[in-house]
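Chain by chain, the residues run as shown.
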Amino acid sequence: MHSALTESRWLRVLLTSFALIFLSLFLVLPLVVVFTEGLRKGVEAYLEAISTPDAIASMKLSLTVVALAVPLNVVFGIFAAWCIAKFQFPGRSILTSFIDLPFSVSPVISGLVYVLLFGAHGWFGTWFIDHEIRIVFAVPGIVLATMFVTFPFVARELIPLMQQQGVDEELAARTLGASGWQMFWRVTLPNIKWALLYGALLCSARALGEFGAVSVVSGHIRGQTNTMPLHVEILYNEYAFSASFAVASLLAMFALVTLVLKALLEWRFGRELARR
Amino acid sequence: MKIDIQQLSKSFDATRVLKEINLDIREGELCALLGPSGSGKTTLLRIIAGLDFPDSGAVLFEGENVIRRNARDRQVGFVFQHYALFRHMTVFDNVAFGLRIRPRATRPASAQIRNTVGELLDLVQLAGYGQRFPDQLSGGQRQRVALARALAIQPRVLLLDEPFGALDARVRKEMRKWLRELQQKIRLTSVFVTHDQDEALELADRVAVMELGSLVQVGPPHEVYDRPQSPFVYDFLGGANKVACRVRGGKLIVGDHPLAAFAAPDDDNATLYVRAHDFEILPSTSADGLPAIITDIVLTGGTAHITARLADCADVTIELPRWSLEESYIVPGSVVHLKPRRFGVFGPSAGAQTEVRGTQRQGSDAPVRHEHLTLSQIAPTA
């Protein structure tokens, strides 16, 4: 094929190798380092490092946070996307920009906001302390901070799709006698399910790896408020490099699984989108 | 079912999209809401369906005001302009939807649902398509699935929003004929919205013409077409040539030529409306008609589109069957006499904004045979 876009052979080879070298250096190499460093002292040391009580506690906490933050963000994400995509109301564009706020604000700032709101000297802090509810330096704070940081993933994924689909199918369901719930479960949700899954997946990956915001609100109490990324940092700061990389390798593995699932979804989701 | 629409008004922000609409839709009839875009016809249809709500006024189904009931409880069959089929469901599931979501007490058994859906697919000539998805169907087929889905709930009224708007010309014609036959078979009170006058005239039992949120004329198709009560209707249905004219001493005068006897008060600023196919072209030796010179002739299929220039330089378009060109005097450059067989005369027309007020008088039958005269008196806005 001699199209106008066909460049000379050498240029193509040059560009392709440049891209490959770049990818290897910046993406593949760090990944390899994580695993080799983690296994430097042998498999036994690796297994020991990831089975210390503190490590296990950090995994449990991280998974708990994901298990709480992701479903909540799925619900809020659907709600926000629904409002924005299917209704016209004053302040709609402002709401749309607000959804992007967590992307533009540094996670450390997001964490600080929660400390300022719910900390001992925060706006609502005293009320919660009076009622013996701990938010900052406890699990609720970590979940809140994680939710804030990962909020846009679901909504961002849904809004364009819902806007494109419009409201006609929902209205048709109404005229056919569907209740609000029936309309949502039988028409809206099936139409967005792949995009929703995709958004939830990205959201989970980000929630598991969140460091900045969580670091500020966590308080770093070992075995209690340390998530996996925080645990990695602590181990590293204590010169337990192997153990630190071992735990980091678990995070990396989760990232890889996410990547594969994402690719699968894109393959599947792409066909769903093509079905129109 | 009979539908009464009473004093219906609706505004979006500052724009009044419906102005005190009154319309009766009779049992079993097929009624067309005809108007250009922005005339409020779709809003009116959506209000009947309960998908939109008016600011004031009432919609009565068999005498019962349903304005407080939402779409879910009105039992209307609504066919959307772009069909709005559930894209993730098969044709069968689409049609079965309205039955399956019923509360358990009134939901038919699944065998019964299968039968009903089968019958409906037969009715819309889509038997055997049940397992397809909407994206595997042509536009006309999707349209029919949407219709079957709407009919599945045994609606009290069928509402169709621009039902043929998204189809290509050939399919549109077939679908029109098919829908007309179907409606006559099931005799379901139906209302459809269209901006296509041919569609309205061909399909409907009655046509309601809308302009800028007002209902300007309602009647059987031939009546609305033959006796337009306003310049807008004259122009919108069939298109019309507009020629400045005067009414003086019981005569209609164009330029210096008296055209016909016309029983109406004197008016120096009237406009003569004549549809392209209502002109007759006579040789210049004729005593009748207005002198004009033929400037152009374009043929499309069996129709000749003739442009002629009147003495006062106004161009008019005339449509004649192609065989009429056999007359030797109908050639470009030839001087002829144009005689309107049917026409309307209206007072000063200021475009669509003109408010038609005062009494409207049907012109008395003029001595010229087949002629129908209409006069609208326009009271100048004080």
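Before reading on, note that the structure itself is shown above.
As a starting point, this report considers the structure included with it. (Residues numbered from 1 in each chain as written. Chains lettered and ligands numbered in written order. Predicted model: local features only at pLDDT ≥ 70, side-chain atom pairs only at ≥ 80, totals over all residues. Heavy atoms only, no water.)

1. A closer look at unusual backbone geometry
One non-glycine residue, Gln7 of chain B, adopts positive backbone phi at about 50°. Relative to the helices and strands, Gln7 of chain B resides in strand 1 (residues 3–12). (Helix = DSSP H or I, 4+ residues; strand = E, 2+ residues; numbered from the N terminus.)

2. Some words on the pairing of strand 16 (residues 290–300) of chain B
Residue and element names in this part refer to chain B. Across four bridges, the pairing between strand 16 and strand 19 (residues 335–340) is antiparallel. From the neighbouring strand, Ile293 faces strand 19, where its bridge partner is Val335. Connecting strand 16 to the antiparallel partner strand 17 (residues 303–310) that follows it, the hairpin turn spans two residues, and Gly301 within it adopts a positive phi of roughly 55°. (Pairing = 2+ DSSP bridges.)

3. With respect to the interface of chain B and chain A
One frequently used descriptor of interface size is the decrease in accessible area upon assembly of the parts. Contacts between the two partners involve 23 residues from chain B, matched on the other side by 19 residues from chain A. Taken together, both faces of the contact between chain B and chain A bury some 2200 Å²; the carbon and sulfur share is 58%. The largest per-residue losses of area from chain B upon contact with chain A belong to Arg72, Arg87 and Ile101 of chain B, which jointly make up 34% of the total buried on that side. For Arg87 of chain B, the salt bridge identified is with Glu169 of chain A, shortest N-O distance 2.6 Å. (Contact = heavy atoms within 4.5 Å. Buried area = accessible area lost by both parts, 1.4 Å probe. Salt bridge = Lys/Arg side-chain N within 4 Å of Asp/Glu carboxyl O.)

4. Points about the packing of helix 3 (residues 53–86) of chain A against helix 10 (residues 180–209) of chain A
In helix packing, the relevant descriptors are the interaxial angle and the interaxial distance, both defined with respect to the helix axes. Residue and element names in this part refer to chain A. In contact at an axis separation of 9 Å, helix 3 and helix 10 are set at 140° when each is read in the N-to-C sense. Between helix 3 and helix 10, the interaxial angle falls into the category oblique. As for how helix 3 packs across helix 10, the hand of that crossing is right-handed. Residues Ser62, Leu63, Val66, Val70, Asn73, Val74, Ile78 and Trp82 of helix 3 form the contact with helix 10, whose participating residues are Met183, Phe184, Thr188, Leu189, Leu196, Ala200, Cys203, Ser204, Ala207 and Leu208. For the contact of helix 3 with helix 10, the residue count by class is 14 nonpolar, four polar and no charged. (Axes fitted to C-alpha atoms, helices over the stretch in contact; angles between N-to-C directions. Parallel < 35°, antiparallel > 145°, perpendicular 65-115°, else oblique. Left-handed = near helix turned anticlockwise from the far one by under 90°. Nonpolar A, V, L, I, M, F, W, Y, C, P; charged D, E, K, R; others polar.)

5. A closer look at helix 9 (residues 168–175) of chain A
Residues and elements named next belong to chain A. For helix 9, the tally of buried residues reaches six of eight residues, placing the bulk of the element in the interior. Every buried residue of helix 9 is accounted for by Glu169, Glu170, Leu171, Ala172, Ala173 and Thr175. In the segment just after helix 9, Gly177 is the residue with positive phi, at about 105°. (Buried < 20%, exposed > 50% of the residue type's maximum accessible area, 1.4 Å probe, protein only.)

6. Topic: a nonpolar patch on the surface
A contiguous nonpolar surface patch, about 1000 Å² in accessible area, is contributed by Leu20, Ile21, Phe22, Leu23, Leu25, Phe26, Leu27, Val28, Leu29, Val32 and Val33 of chain A. Examined against the element boundaries, Val33 of chain A turns out to sit in helix 1 (residues 9–38). (Patch = residues over 30% accessible without salt bridge, like charges linked within 9 Å, V, L, I, M, F, W, Y side chains within 5 Å. Areas by Shrake-Rupley, 256 points an atom, 1.4 Å probe, with all protein chains shown as cover.)

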